[in-house]
Structure formats: structure tokens, C-alpha cells
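Chain by chain, the residues run as shown.
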Amino acid sequence: MAYNPRMSMAPPQPQQSRQRRKEEEAAYANMRLPDREIVGCINELGIPFTLADLQKPNPIQVQMIFEWFGELLMNKTRQTVDPAMRAAAEDVCGPELGEAMMPSDTRNLLGFYVSLRRLMLDCGVNDFSFNDLYKPTHDRLVRMLSYVINFVRFRESQTSVIDEHCNKAEQTKARIEQLYVENQNMEAQLEEMRHNRRAMEVLVQEKTVRNEELKKRLLELRRSQEKVAARLEDAKTKKGELAAELEEKTATKIALKQESAKLRPYVLQSPSALQASLAELSNTLNNDKAHIDALDRRSRALQTSTDSFSVVASDVASCIKLLEEIAIELAKEEEENVKNARQRDALTERGANVREVERTEALLKRQLAKWADRTAQLRTQSQEKAQKAKEKMEELRAVHRKLTEERSEKGKDIERRRVRIEQTEKKMLDLKENIENEVHAAHDEYLKMEAHIKLYITEMEQAL
């Protein structure tokens, strides 16, 4: 049995490069624009350009044309990349040697070349190099301008789709920024309300401590007031009793004086009787004196009690005044309690507002999450649409490549047929010339034969 060595599955690399080169040449054959059309498009952009400039390109003019295309398609020029390139030069060489070692024109051109190379890759030019800007040639310039102009035409045909996606992205971004600003404002408002709440809680705690102290002092003053009121009632009761007893003794004294006035006539009757009456009256007088002395002592005691009562009354008045002040303090405390209650209600309302703000914040966070999800969905959808557009673009490119191949094949077939037709026409012309030559030769032979026949007939006639 014959042994066949195992062959590699990967195609040889030169074959791939030749196939890719053939595809690029076929695509370029379809994408290539005439020189006059390229010159007309560049003149429409406002840049003076002629066929001579295209045949012998000038690097400065070519750089201006590509810079204009970069500004149109990417919003990038040498001026826009200047800050980044200057910062890179200063970072690499330092701020003092940056301008000396890397001039601005060179570094800006290099920075613009990087962005332009990315644009050229998107346009389909895979072998764009710095020499195309610095040392351009006619064939390379025609190829690159053809690809770029076709890309601009395709972009202008898809302007509505691009603008629609850009507008959607801008609206979503603006909405996200608006929600973020609202969230920041709500957070600042919530933090301010929390700070006010903490300050109010400190004030409420201070008011509560002061209220408790005033309540304790009020209870002590009420107990003192009750004691003083009890002592005042006892003193009033004793004073009433002593006043009643004094009135009673005074009435008794007046009655005794009236009885003595009544008994005075009887004293003048007899000495013995008078002696007896005198002794009796002396005894009664002594008793009355003693009783009067006792009453005087009792009166002085009552006066002392009255003075003490006045002192007690002044103390009671001061206590009453103190109680009035305490009542005023209590009224103020009640007002403060009412204010505290109002502040507590306001704090409760603020707490409700805080909870409402927290609920609103949670709602806004949910809405933000929802908008973020929606943004992610829109981004995903836009990516999917971009992927679909890219796939469609790839399909269109494949169709375009296929049509280009078919067109090139048809062109080759037409060329072959044209060559065949030309060859056939040439053969027909040769055959026609041969036939005409043969006809002329036959005609000449006919004329010769006719002349021979006529000569023969003439000779025959002469012979006859």
C-alpha cells in the first residue's frame, strides 16, 4: 500500500498574499475614479487643484487635501492634535528641549498621520504610509483619493442613520447628566436637612433637660407654698381665736363697769356695808387688775403674734410674688413647650419630608437605574444596529467585491470577446481581401480567356 505523507491544512502564505492582492486589485479596479472626476471633487471642496497637480503631486498640497478630509470626517487637524503632541514632547524631552528636539510642524504632522492612517484603514487603504504624505506619487494619490471620495459619498448616503444614532446618544447623555445633577441636588438638600435635624435634636435635648430642671424646681416651690399656706392658715385661725377672746374680755369689762356704776349708789348706805362692798370691790378690782394684766399680757402676746403674722404675711406675699414669677416662668415654659411641640411637629414634618426625599431619592435611583438599564439597552441596541450595519456593510462589501469580480470577469470576458471579434474581423478582412483578390484574379483570367476565345474565333473566322 502506498504511503501518502500528511499534508498541512493551512494554505501557503504567498498564495494568501497573492489572493489578497488580487482581491484588492479587483476592488481598486472598481473603486478607481477618473483623474478629471477626482480633480472636480477636490475643486468642489474649495481647494484649487488641476490635472497637472494630480500628475505631479506637491507634498504640501497633498497634506492640505488630507487635512481637509480629516477635519470633515474626524474633526481632526494638525491644530487639534497640537496640545496632545506638545504635552507628549514635553513629557519625553522636557519643557525646555521639547520645541528644540521636536519642532511643532513635524510633531503635529506625525500626530495627524496617526489619525489619518486610522481613517485610511476605515476607507479600505491598508498600506498607507508616511511617504504618501511626504513623497506622494500619481498612482498612490489617485488610489487613496478614490477610496476617500467613495467613502465620503457612502457616508453622505448614510447621513440620516448616523444623525439619528448621534441624536439618540446625545439625548440619552443629556438625560443622564440631568438626572445626575438632580440626584446631586437632592443629596445636598438631604444632607442639609439631616444637619438641621441634628441641630434641632441638640436644641430639643437642651430644652428637655431645662424643662425637667424647671419641673423639679416647680415641684419644690409648690411643696414650700403648701407648707407656707398651711402655716398661714394656722396663724389666721389662732389670730381669729385670740381676737374673739379679746372681744369677749372687752365685753366682760364693759359689763363690769356698768354693774359697778349701778352698784355705786349702794356703797353710800353704810360703812360696814361699804367696807364689805369695798373689800369685795377691792377683791374684784384686784381680780380685774390681775385679769386686765393678764389681758394686757395676752394683748402684748397678740401684738407680738400680729407682728409675727405681718412678717409671715410679708413672707407669704414674697412667696406669692415668687409663685407669680414661677407662674410667669411656667407660662414661658409652657410657651417654650408649645414652641418645642411646634418644633417637634416641624421636625416630624421635616422627618416626613426627609423620608419623602429619601423615597424620592430611592425613586430617582430606581429611575436612574432604569435609565441606566435603558441606556445600556440603547447602547446594546445601537451596538447591535452598528453590528448589523457593519455586517450589512460587510455584506455590501462582499456583494460589491463580488460585483467587482463579476465586473472584472465580465470585463475580461468582454475583452476576450473583443479580441476574438477583432481577430474574427481581421480574419474576415483577410478572407475578404483573399476573395477579392481571387475574384480579381478570376476576372483577369476571364478577361484573358475571353481575349483568347475572341482571338481564337477571329483566327477561326480568318481560317474559314
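In this text the structure is predicted, and so the values were computed from the model without any measurement.

Here we take up the overall build of the protein chain. When helices and strands are tallied, the protein chain shows 11 helices and 0 strands. The secondary structure elements of the protein chain, listed N-terminal to C-terminal, are α-α-α-α-α-α-α-α-α-α-α. Considering the protein chain as a whole, with its 464 residues, one finds that 19% of them fall into the buried category. When contacts within the protein chain are restricted to residue pairs at least 6 apart in sequence, long-range pairs at least 24 apart make up 71% of them.

Below, the discussion takes up the UniProt feature "coiled-coil region" (unreviewed entry) in the protein chain. In this structure's numbering, the residues bearing the UniProt feature "coiled-coil region" (unreviewed entry) are residues 162–298, 323–350 and 379–452. Counted over residues 323–350, helix gives 100% and strand 0%. Its end C-alpha atoms are 38 Å apart.

Now for the packing of helix α5 (residues 82–93) against helix α7 (residues 104–123). The contact between α5 and α7 brings their axes to 9 Å, and the two run at 115 degrees. For α5 against α7, the interelement crossing comes out right-handed. Note on element contacts: α7 touches α5 through Arg107, Asn108 and Gly111, opposite Asp82, Met85, Arg86 and Ala89.

The tally for this structure, following the rule as stated, stands at 9 salt bridges. Across the salt bridge formed by glutamate 191 and arginine 198, the nearest N and O atoms sit 3.9 Å from each other. Residue class for glutamate 191 comes out partly exposed when judged on its relative accessible area of 43%. Between arginine 416 and aspartate 413 there is a salt bridge, with the nearest N and O atoms lying 3.9 Å from each other. With arginine 416 and aspartate 413 both in helix α11 (residues 271–463) and 3 residues apart, the pair spans about one turn of that helix. The exposure class of arginine 416 is partly exposed, given its relative accessible area of 45%. Through salt bridges with shared partners, one network takes in Asp413, Arg416 and Arg417.

Further remarks concern the packing of helix α4 (residues 59–74) against helix α9 (residues 138–157). In contact at an axis separation of 12 Å, α4 and α9 are set at 20 degrees when each is read in the N-to-C sense. Classified by the angle their axes make, α4 and α9 are roughly parallel. Crossing geometry of α4 relative to α9 is assigned as left-handed. When α4 is examined against α9, the residues Val62, Ile65, Phe66, Phe69, Leu72 and Leu73 are found in contact with a partner set consisting of Leu141, Met144, Leu145, Val148, Ile149, Phe151, Val152 and Arg155. Across the contact of α4 with α9, the residue classes tally to 13 nonpolar, no polar and 1 charged.

Turning next to the packing of aromatic side chains. Under the counting rule described, the total for this entry stands at 2 aromatic pairs. Each ring, one from tryptophan 68 and one from phenylalanine 69, has its centre 6.0 Å from the other, and the planes form 85 degrees; the classification is edge-to-face.

The subject of this paragraph is α7. When the terminal C-alpha atoms of α7 are compared, their 28 Å separation across 20 residues agrees well with the 28 Å that a helix rising 1.5 Å per residue should span. When we look at burial in α7, the residues that qualify are Arg107, Asn108, Leu109, Gly111, Phe112, Tyr113, Ser115, Leu116, Leu119, Met120 and Cys123. Of the residues flanking the end of α7, it is glycine 124, one or two places downstream, whose phi is positive at about 115 degrees.

Turning to the side chain of serine 115, a few remarks are in order. You can see serine 115 is positioned in helix α7. Serine 115 gets classed as buried once you look at its relative accessible area, which sits at 6%. With residues up to four places along the chain from it excluded, the contact list for serine 115 reads Met74 and Lys76.

By size, the foremost hydrophobic cluster in this structure holds 31 residues, and its most contacted members are Phe66, Leu116, Met120, Phe128 and Leu145. Of all the elements in the fold, those that place two or more residues in this core are α2 (35–44), α4, α7 and α9. The biggest single contributor to this core is α9, with 8 residues. Residue contacts for phenylalanine 66: discarding those within four places in its chain leaves Phe112, Leu116, Met120, Leu133, Leu141, Met144 and Leu145.

This next bit is on the environment of valine 161. Relative to the helices and strands, valine 161 resides in helix α10 (residues 159–267). Sequence-wise, valine 161 and alanine 389 are 228 residues apart; in three dimensions their C-alpha atoms are separated by 9.9 Å.

Do not read the fine detail of predicted coordinates wherever pLDDT is low. Looking at the protein chain, the pLDDT average stands at 77 and 88% of residues meet or exceed 70. Note on residues 1–12: pLDDT under 50 across the span, and 1 contact to partners over four residues away in sequence or across chains.

All right, on to a nonpolar patch on the surface then. A contiguous nonpolar surface patch, about 490 Å² in accessible area, is contributed by Met449, Ile453, Tyr456, Ile457 and Met460. By the secondary structure assignment, isoleucine 457 is in helix α11. The partly exposed category is assigned to isoleucine 457, whose relative accessible area is 40%.

Parameters and conventions
Residues numbered from 1 in each chain as written. Predicted model: local features only at pLDDT ≥ 70, side-chain atom pairs only at ≥ 80, totals over all residues. Heavy atoms only, no water. Helix = DSSP H or I, 4+ residues; strand = E, 2+ residues; numbered from the N terminus. Buried < 20%, exposed > 50% of the residue type's maximum accessible area, 1.4 Å probe, protein only. Contact = heavy atoms within 4.5 Å. UniProt positions renumbered as here; feature names shortened; annotations may be inferred. Axes fitted to C-alpha atoms, helices over the stretch in contact; angles between N-to-C directions. Left-handed = near helix turned anticlockwise from the far one by under 90°. Salt bridge = Lys/Arg side-chain N within 4 Å of Asp/Glu carboxyl O. Parallel < 35°, antiparallel > 145°, perpendicular 65-115°, else oblique. Nonpolar A, V, L, I, M, F, W, Y, C, P; charged D, E, K, R; others polar. Phe/Tyr/Trp six-rings, centres within 6.5 Å; stacked < 30°, edge-to-face > 60°. Expected span 1.5 Å × (residues − 1). Core = buried A, V, L, I, M, F, W, Y, C linked by side-chain atoms within 4.5 Å. pLDDT = per-residue confidence, 0-100. Patch = residues over 30% accessible without salt bridge, like charges linked within 9 Å, V, L, I, M, F, W, Y side chains within 5 Å. Areas by Shrake-Rupley, 256 points an atom, 1.4 Å probe, with all protein chains shown as cover.

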